[in-house]
Each structure stands twice: as structure tokens, then as C-alpha cells.
Amino acid sequence: MGNISRPSSTPTKPAAIELVQPKPSGPPFVGPLEPAPVSTANQGLFNEKNDIGQNALQQTILTNARNTFEFLDGESDQEVLNFEQRVTLINVNTTGSLTDKADAVGDYFTELVEDGEIEQAQQLIHAFPELKDLGKSLHGSLINELMDQGKYTKALEINEAYPDQQTKDKNTQYIVQYLIENGETIAAAQASGEGNLSGLLKAEWDAAMITVEKKYDSVVDSVKDMLFGQSMADELAEEAVADIGKQYRQGYLGGGTLACAHTVSRVFDNIPALDKFDSNEVNSLVNQMLSKGKFTQVHGSAANKSSSISSKSELKPGDVVVFSRPRKGGYGHIGVVSRIREDGTAMMVHNSSSKRQVIEVPVNRYNGRMPTGAFRLNE
């Protein structure tokens, strides 16, 4: 047999094939960049998964906020960002419920006013045009706050910036009346646009007539008391008025957050039948008022302590009024109705945390809303 050729036991390596990479037609692809570290102070403003650097995003938000909120020109960048974040959260968390939105806006407004952030409180009123009625009420509350602080020019300036002419006219009248009642007749004449002599004389005449009316009412009330005796409700109202200007800020009151209940308790102390009602906490004081049978709730609901009573609710001197607590359950503020003005407005004496003393204000100007409950003495 001839020799048979066998394949070699060591395989032959195939020739290497050169792979040709296609040339890119554009700039090279760059994957996602690591996000810039987020400051813990502003972490709520930014999404850690966002590919945009924090500074760029922050500047974009700030620019848009400054363009949107025209009354915050004098505020710092951080204050503008904080305000924008709060407004955004209110819109997000109250979607579909104007009532919830109104409550959240009212709570934030109260915080701003008590912190002295007047420009931010003014901007907040304009930030929610869908809450038209609340806006008018908060605007009036802000005007009242400035008048109590003696900032008449600022009150007129803020009033002038309000878009609704009828509301502006109403608050101008309030400013003029406030100035007249406090003897500021020249300022009243200027506020009403009557800077001439006739306007000044008219303001002085109005002031004199108000003084005469007050003295006449005082005499009439004294005669009634002599003939028929003074009601406990009237006595309660008078005791509340006597407390105006006083300061109850003891350290154990928690920096003043509970001073309103302490003040009402002090008023009760001067009336023998109410001497045992004592608490530095609003809800505890209200529970005593009801459990001891001396008061009856005449407005509001015990089951729902957050809904404001109707603006048409009849209030009387001596009524104890309460307001809901921002972001918490129960009541957070309390005062006593002191008198009813000729225009029907109920006035309230309460301990103001912003002014750090007892003052008198219209009940619907405390935080721009009516009280959430009212309690009346059983006589």
C-alpha cells in the first residue's frame, strides 16, 4: 500500500481578520454625568437624579421666581427660593380642593405676618388669583396689621397695588377711619386724598363727633347698668378691653405661642363665676368652658374645628372666639369679642404674638379668615 497522508495533530491557526471600526459621523457619545453634590440646606428644591448641575437649576428657578413674584425685589435669593418652594408645595398638595388650598395659604400668611415678612405676605395674596375672596380678606388683614404698627404709608402703598378697585376703596375708608379714631386727623385727610383745608376740617369734625358718640354711648351704658344690672357677657367684654396693651410673656408660656389662652384665663379671673377657668392651652381652656356648663358653642362645629364660621354669623360682646391651628388639629388661637362697630364688624381682643401684647382687631383680620368657633355665656 502506498503511504497515506494524515492531518497534522496541531491545527493551523487561521489568518487574523482585521476589524475596521466605522468612523463616527458626529461628536463622540458622552454618557450621563454624575450629578453635582446637593447642599443639604436646599435639598428639597432639587432632584438628586437630575443631570443638571445644582447651580444651573437653582439659578433657573430663582430667575423664574423673581420674574413671577414682583413684590419680592428686596428679598434675598434664599428667601425668594424658599417662598417659591412653599407656594409650589401648596399647589401640589392641595390639587383639586380649593378649601384645602385656602387653609394652607391662610396658615402660611399667618406665619409670614408674625415673622414680619410683609413683602412676602403681600406677594402670597397675589400668588393665588383663584382664591379671590380669600385674597381680599388677607389683604384687609395685612392692612390692619400695618395700621396697628403705625406704618400708615406702607399700608396705603400696599393697598394701592391691589388690583380690585372696590377692595382698594373699602380699605382706604378703613385706613381713614382708623386714623381719625386715633387722632391722626392730618394723616387721615392725606389718606383720603383731601390734603386741602376743607378736607382737614372735615376729618377733625368726624373725629370730634366720634369722641362725642363714644362718651354718649358710655353714659347710656352706665345708666342701663344702674337700672338693669350689667350682664356677665358685657362684663367679660369690658375686662378684655381693660387688658389692651398689657404683656403676658412669661417664660413658661413657650415663647408666647400659648399666651393667647393665658390672657383669656386672666380675663376670666376677674369674673367670680369664671374664676376657676384656667389654662395656658387653648383646647384645654375650651374644654373647661363647655364641661363646666358656663358656655355654649353658638357657631362652628365641635366635630370639625378647622372650618371657618360664616361671615354672616352673629357675634356679641363677650363671645369667646377660636381659630384653627396651622397644620395641626384642634384650636390654636383664642380671643374675646369686645364690641360690635356701627358697620356690624365684630372686634376681638387677643394676645398678638407678632406685637407681643394684647390688642384689639376685627375678628376677620386676625389671619384673613373668620374664627372657626364661637362660644357664648349661659346667663
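Residues numbered from 1 in each chain as written. Predicted model: local features only at pLDDT ≥ 70, side-chain atom pairs only at ≥ 80, totals over all residues. Heavy atoms only, no water.

*Asks:* Residues and numbers for the confidence of the model for the chain, please.
*Replies:* On average, the chain scores 76 in pLDDT, and the residues at 70 or more come to 69%. Scored below 50 in pLDDT, residues 26–36 makes five contacts in the model with residues more than four places away or belonging to other chains. (pLDDT = per-residue confidence, 0-100. Contact = heavy atoms within 4.5 Å.)

*Asks:* Could you give me a rundown of the packing of aromatic side chains, with the residues and numbers involved?
*Replies:* A full pass over the atoms with the stated rule returns six aromatic pairs. Centroid distance Phe83 to Tyr108: 6.0 Å. Interplanar angle 35°. Geometry classified as tilted. Remark: Tyr108 occurs in helix 3 (residues 98–114) and Phe83 occurs in helix 2 (residues 77–93); sequence separation between them is 25 residues. By relative accessible area, which is 0% here, Phe83 ends up buried. For Tyr108, a relative accessible area of 6% corresponds to the buried category. On the basis of an interplanar angle of 80° and a centroid distance of 5.9 Å, the ring pair of Phe268 and Phe277 is categorised as edge-to-face. A residue is classified by how much of its surface remains accessible, and Phe268, at 0% relative accessible area, is buried. Assessed through its relative accessible area of 2%, Phe277 is described here as buried. Following the ring pairs from residue to residue traces out a cluster consisting of Phe69, Phe83 and Tyr108. (Phe/Tyr/Trp six-rings, centres within 6.5 Å; stacked < 30°, edge-to-face > 60°. Helix = DSSP H or I, 4+ residues; strand = E, 2+ residues; numbered from the N terminus. Buried < 20%, exposed > 50% of the residue type's maximum accessible area, 1.4 Å probe, protein only.)

*Asks:* Account for the pairing of strand 2 (residues 320–324), naming residues and giving values.
*Replies:* Across the five residues that make up strand 2, a large majority, five, are buried. Burial of strand 2 is two-sided: the residues Val320, Val322 and Ser324 facing one way and the residues Val321 and Phe323 facing the other way are all buried. Across five bridges, the pairing between strand 2 and strand 3 (residues 331–340) is antiparallel. Of the residues in strand 3, the one forming a bridge with Ser324 is Tyr331. (Pairing = 2+ DSSP bridges.)

*Asks:* Account for the packing of helix 3 against helix 5 (residues 132–148), with residues named and values stated.
*Replies:* Orientation of helix 3 relative to helix 5, taken along the N-to-C sense of each, is 15°, at an axis distance of 11 Å. Regarding the angle of helix 3 to helix 5, the classification is roughly parallel. Relative to helix 5, the crossing made by helix 3 is right-handed. Along its contact with helix 3, which presents Ala102, Val105, Phe109 and Val113, the element helix 5 presents Leu134, Leu138, Ser141, Leu142 and Glu145. (Axes fitted to C-alpha atoms, helices over the stretch in contact; angles between N-to-C directions. Parallel < 35°, antiparallel > 145°, perpendicular 65-115°, else oblique. Left-handed = near helix turned anticlockwise from the far one by under 90°.)

*Asks:* Residue-level account of the pattern of salt bridges, with values.
*Replies:* Any two side chains of opposite charge can pair, given that their charged atoms come close. Using the criterion set out here, one finds nine salt bridges in the structure. Taking the shortest distance from any N to any O, the salt bridge between Glu130 and Lys101 comes out at 3.0 Å. One end of the pair, Glu130, is in the loop between helix 4 (118–127) and helix 5; the other, Lys101, is in helix 3, with 29 residues separating them in the sequence. Accessibility expressed as a relative area gives 37% for Glu130, which makes it partly exposed. Here the salt bridges do not stand alone but share partners, grouping Glu119, Lys154 and Glu157 into one network. (Salt bridge = Lys/Arg side-chain N within 4 Å of Asp/Glu carboxyl O.)

*Asks:* Any details on the environment of Ser265? Residues and values, ideally.
*Replies:* Mapping Ser265 onto the fold places it in helix 11 (residues 259–269). Classification of Ser265 by relative accessible area gives buried; the value is 1%. Along the backbone, Ser265 and Glu281 are 16 residues apart, and their C-alpha atoms lie at a distance of 9.8 Å. Setting aside chain neighbours within four positions, we find Ser265 in contact with Phe277, Asp278, Ser279 and Leu285.

*Asks:* Could you give me a rundown of the sheet that holds strand 5 (residues 357–362), with the residues and numbers involved?
*Replies:* Across the sheet, six strands lie side by side as 1-6-2-3-4-5; this open sheet has antiparallel pairing. Each of the sheet's edge strands pairs with one partner strand only, and the pair in question is strand 1 (295–300) and strand 5. Recorded for the sheet is a direction-independent mean angle of 30° between the axes of neighbouring strands. Pairing between strand 2 and strand 6 (residues 373–377): three bridges, direction antiparallel. The partner of Val322 across the bridge, within strand 6, is Gly373.

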